[in-house]
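Structural overview for review
The lines below spell out each chain.
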Amino acid sequence: MSDLPFPLLGLVAGAMAFAESGLGVGSVLPGETGVLLLGVAATTPGRFAALLLIVALGVTAGDHVGYWLGQRYAGRMRDTRAVRRLGVRHWDRATDALHRHGAAAVFLTRLVPVVRTLTPAAAGAAHLPYNRFLPASLAGSLLWSAVYVGLGAFAGASAAHLEGLLGRFSWLLLAAVALVAAAVAVLRRRAATDHGDDERA
C-alpha cells in the first residue's frame with residue numbers, strides 16, 4: 001500500500017474519515033477500518049503528520065454535515081430516517097451526553113461508536129452555538145485521527161520490522177499455519193454437526 005501515490009492515499013483516507021463521521025454514511029462505509037489500514041502508509045514523520053491532518057479535517061467535515069442537518073430538522077431530527085437507521089437509542093444517548101456536558105460532549109463521545117456520529121446532529125438540533133461546536137469538533141477529530149492513524153502506522157512499522165527480522169519465508173510459514181488452523185476448525189465444526197445429526201436421528 002505504501003507504494004501507491006501518497007496524495008491518492010490521503011484523499012481516500014479523508015473520504016473514509018468523512019464517511020465515518022458523516023450522518024448515516026458510516027453505517028454503510030467502514031471508515032474507521034479504512035483509515036486504520038491506510039495509516040500503514042504513514043511511514044515517515046511527514047506522511048504521518050499529513051495523514052493526521054487530512055483525516056481530522058475529513059472527520060470534522062462529517063461533523064458539520066450532522067450539525068447543519070440537526071439545525072435544519074431540530075425537534076424532528078429524532079424521527080428522521082438517518083437516525084432511525086442508526087438507532088433511536090443512540091440518538092437518546094447523544095442528546096443525554098449533550099445535556100450533561102454541553103459542547104464537550106462532541107469531544108467526549110468521539111470514540112463511542114454510532115453515538116459519535118449522532119452527537120453533532122444533536123448539537124445542531126439543540127442550537128448549540130457554532131463558536132462552541134467548532135473547537136469541540138476539531139479537538140475530537142484530532143483525537144479520533146490520532147488514534148486510528150497512529151494504530152495503523154504502528155501496525156505498519158511493526159510488520160516491516162518483523163519482516164526484516166524474520167525474512168519473507170516466515171510470512172509464508174505463518175500463512176501456512178493459519179491455513180492449517182482454519183482447516184482444523186472447519187473439520188471440527190463438521191464433525192460436531194455430524195455428531196449432532198446422529199444424535200437427533
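Residues numbered from 1 in each chain as written. Predicted model: local features only at pLDDT ≥ 70, side-chain atom pairs only at ≥ 80, totals over all residues. Heavy atoms only, no water.

A word on a nonpolar patch on the surface. Together, Leu 8, Leu 11 and Val 12 give the surface a local cluster of nonpolar side chains, amounting to about 270 Å² of exposed area. Here Leu 11 shows up in helix α1 (residues 6-21). In this structure Leu 11 comes out as exposed when scored by relative accessible area, which is 62%. (Patch = residues over 30% accessible without salt bridge, like charges linked within 9 Å, V, L, I, M, F, W, Y side chains within 5 Å. Areas by Shrake-Rupley, 256 points an atom, 1.4 Å probe, with all protein chains shown as cover. Salt bridge = Lys/Arg side-chain N within 4 Å of Asp/Glu carboxyl O. Helix = DSSP H or I, 4+ residues; strand = E, 2+ residues; numbered from the N terminus. Buried < 20%, exposed > 50% of the residue type's maximum accessible area, 1.4 Å probe, protein only.)

Another aspect to go through is the nonpolar core. Residues Leu 23, Met 77, Trp 91, Leu 118, Ala 123 and Phe 133 are the most contacted members of the largest nonpolar core, which totals 22 residues. The set of elements that each furnish at least two residues to this core consists of α4 (81-86), α5 (88-101), α6 (104-108), α7 (115-125) and α8 (130-166). Among the elements that line this core, the one with the most residues is α7, at 6 residues. Apart from residues lying up to four places away in sequence, Leu 23 is in contact with Gly 62, Gly 66, Leu 69, Met 77, Ala 82, Leu 86, Thr 117, Leu 118 and Ala 121. The next biggest cluster of nonpolar side chains, apart from the first, holds 16 residues, and it includes Leu 51, Val 59, Val 149 and Ala 153. (Core = buried A, V, L, I, M, F, W, Y, C linked by side-chain atoms within 4.5 Å. Contact = heavy atoms within 4.5 Å.)

Attention now goes to the side chain of Thr 119. Turning to its location among the elements, Thr 119 is positioned in helix α7. There is a polar contact of 3.1 Å between the side chain of Thr 119 and the side chain of Thr 109. Not counting chain neighbours up to four residues away, the residues in contact with Thr 119 comprise Ala 94, Ala 105, Val 106 and Thr 109. (Polar contact = N/O pair within 3.5 Å; in protein donor to acceptor, adjacent residues only side chain to side chain.)

Mapped onto the elements of the fold, Ala 121 is located in helix α7. Placed 26 residues apart in sequence, Ala 121 and Thr 95 show a C-alpha to C-alpha distance of 9.1 Å. Dropping the residues within four chain positions of it, Ala 121 is found in contact with Leu 23, Gly 66, Tyr 67, Gly 70, Met 77 and Trp 91.

This part is about the packing of α1 against helix α3 (residues 45-73). Two numbers describe how α1 lies on α3: the axes approach to 7 Å, and their chain directions differ by 30°. The angle between α1 and α3 places the two elements in the roughly parallel class. In terms of crossing hand, the pair formed by α1 and α3 is right-handed. Taken together, the residues of α3 that come into contact with α1 (itself represented by Phe 6, Gly 10, Ala 13, Gly 14, Ala 17, Phe 18 and Ser 21) are Arg 47, Ala 50, Leu 51, Ile 54, Val 55, Gly 58, Val 59, Ala 61, Gly 62, Asp 63 and Val 65. Split into classes, the residues belonging to the contact of α1 with α3 amount to 11 nonpolar, 5 polar and 2 charged. (Axes fitted to C-alpha atoms, helices over the stretch in contact; angles between N-to-C directions. Parallel < 35°, antiparallel > 145°, perpendicular 65-115°, else oblique. Left-handed = near helix turned anticlockwise from the far one by under 90°. Nonpolar A, V, L, I, M, F, W, Y, C, P; charged D, E, K, R; others polar.)

The next thing to look at is the packing of aromatic side chains. Overall, the coordinates contain 4 aromatic pairs when judged by the stated rule. Between Trp 144 and Tyr 148, the aromatic rings sit 4.7 Å apart at their centres with planes inclined by 40°, giving tilted as the arrangement. Of the two residues, Trp 144 and Tyr 148 are both situated in helix α8; the distance of 4 residues between them amounts to about one turn of the helix. For the pair Trp 144 and Tyr 148, one class covers both residues: buried. These aromatic residues form a ring-pair network of at least three members: Tyr 67, Tyr 130 and Phe 133. (Phe/Tyr/Trp six-rings, centres within 6.5 Å; stacked < 30°, edge-to-face > 60°.)

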